[in-house]
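# Residue-level structural notes
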Amino acid sequence: MVVIGAVKALISKDITLEWRQKSAMGALLLYLVSTVFVCYLAFAGVISVQTWNALFWIVMVFASLNAVLKGSIQESEARMVYYYTLASPQAVITARIIYNAMLMWVLSLLGWTVFVTFLGNPVQNPVLFLFNMLLGVAGLSSVMSMVSAIAAKARNNFTLMGVLSFPLVLPLILVLIRVSGAAMAGESFSGQLSNLLVLTLLTAISLVLANLLFPYIWRD
């Protein structure tokens, strides 16, 4: 119960800070809209399903990197020491993962809306696509939250985060692209259960590793 209370308090703190710094969220939204608009101009509004699928996940991965990195930059070393006196490392990393997942869920839904607005909607099974997107975003959040904590210790956030996150995120992205491609082809939910199970396992493994490794990073 103490850990749950600490997680709720830390998430509430992150939401409050995000509300006070609306310019950061505005920059992410501007990135989404401008990137998709450039794609619309480049393809003259005519785009294949495979290209739509690839572009969507490329844009979402880089938007996720920027969103998570923004949160890690905000956390100074003095503030982390203060957290150390108030909560366990598991509560801190769990709160960070949940908050980043919430933020990335919002970004992914907005990204889907922007893509549909400019490049059309090739998704024939929106339920499968949405479930795949939300589950994948949770996995991306856990991986990137852990990597951002490592990168913050190295004082070379963006470069190191990009290098470390790529091999960890790649299996997730491959499964996400496969399932979203199936959703665009109109395949049934039951036909993708094996891929969704793999996606769930990858997300669960990243969550467990984050909770196991973060205490050692924080202690240093």
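An account of the accompanying structure is given in this report. Values in this document were obtained by computation on a predicted structure and should not be read as measured data.

Further remarks concern the packing of aromatic side chains. Within this structure, the stated rule accounts for 11 aromatic pairs. A centroid spacing of 5.9 Å and a plane angle of 50° characterise the contact between Tyr-40 and Phe-118, whose relative ring orientation is tilted. One end of the pair, Tyr-40, is in helix 2 (residues 22-43); the other, Phe-118, is in helix 5 (residues 89-119), with 78 residues separating them in the sequence. Judged by its relative accessible area of 31%, Tyr-40 is partly exposed. For Phe-118, a relative accessible area of 25% gives the class partly exposed. Taken together, a centroid distance of 5.6 Å and an interplanar angle of 5° make the contact between Trp-52 and Phe-56 stacked. Linking Trp-52 with Phe-56, this pair stays in helix 3 (residues 49-74), spanning four residues, or about one helical turn. Grouping aromatic residues by their ring pairs yields a cluster made of Trp-52, Phe-56, Trp-57, Trp-112, Phe-115 and Phe-129.

On to the side chain of Asn-125, then. Its place among the elements puts Asn-125 in the loop between helix 5 and helix 6 (126-154). Separated by 3.2 Å, the side chain of Asn-125 and the backbone nitrogen of Leu-128 make a polar contact. At 2.7 Å, the side chain of Asn-125 and the backbone oxygen of Glu-187 are in polar contact. Leave out the neighbours within four places in its chain, and Asn-125 touches Ala-183, Glu-187, Ser-188 and Phe-189.

Further remarks concern the environment of Ala-87. With respect to the helices, strands and loops of the structure, Ala-87 is situated in the loop between helix 4 (77-86) and helix 5. Residue classification places Ala-87 among the buried positions, given a relative accessible area of 16%. Between the alpha carbons of Ala-87 and Ala-9 there is a distance of 9.9 Å; along the sequence they are 78 residues apart.

Rules used in this analysis
- Residues numbered from 1 in each chain as written.
- Predicted model: local features only at pLDDT ≥ 70, side-chain atom pairs only at ≥ 80, totals over all residues.
- Heavy atoms only, no water.
- Phe/Tyr/Trp six-rings, centres within 6.5 Å; stacked < 30°, edge-to-face > 60°.
- Helix = DSSP H or I, 4+ residues; strand = E, 2+ residues; numbered from the N terminus.
- Buried < 20%, exposed > 50% of the residue type's maximum accessible area, 1.4 Å probe, protein only.
- Polar contact = N/O pair within 3.5 Å; in protein donor to acceptor, adjacent residues only side chain to side chain.
- Contact = heavy atoms within 4.5 Å.

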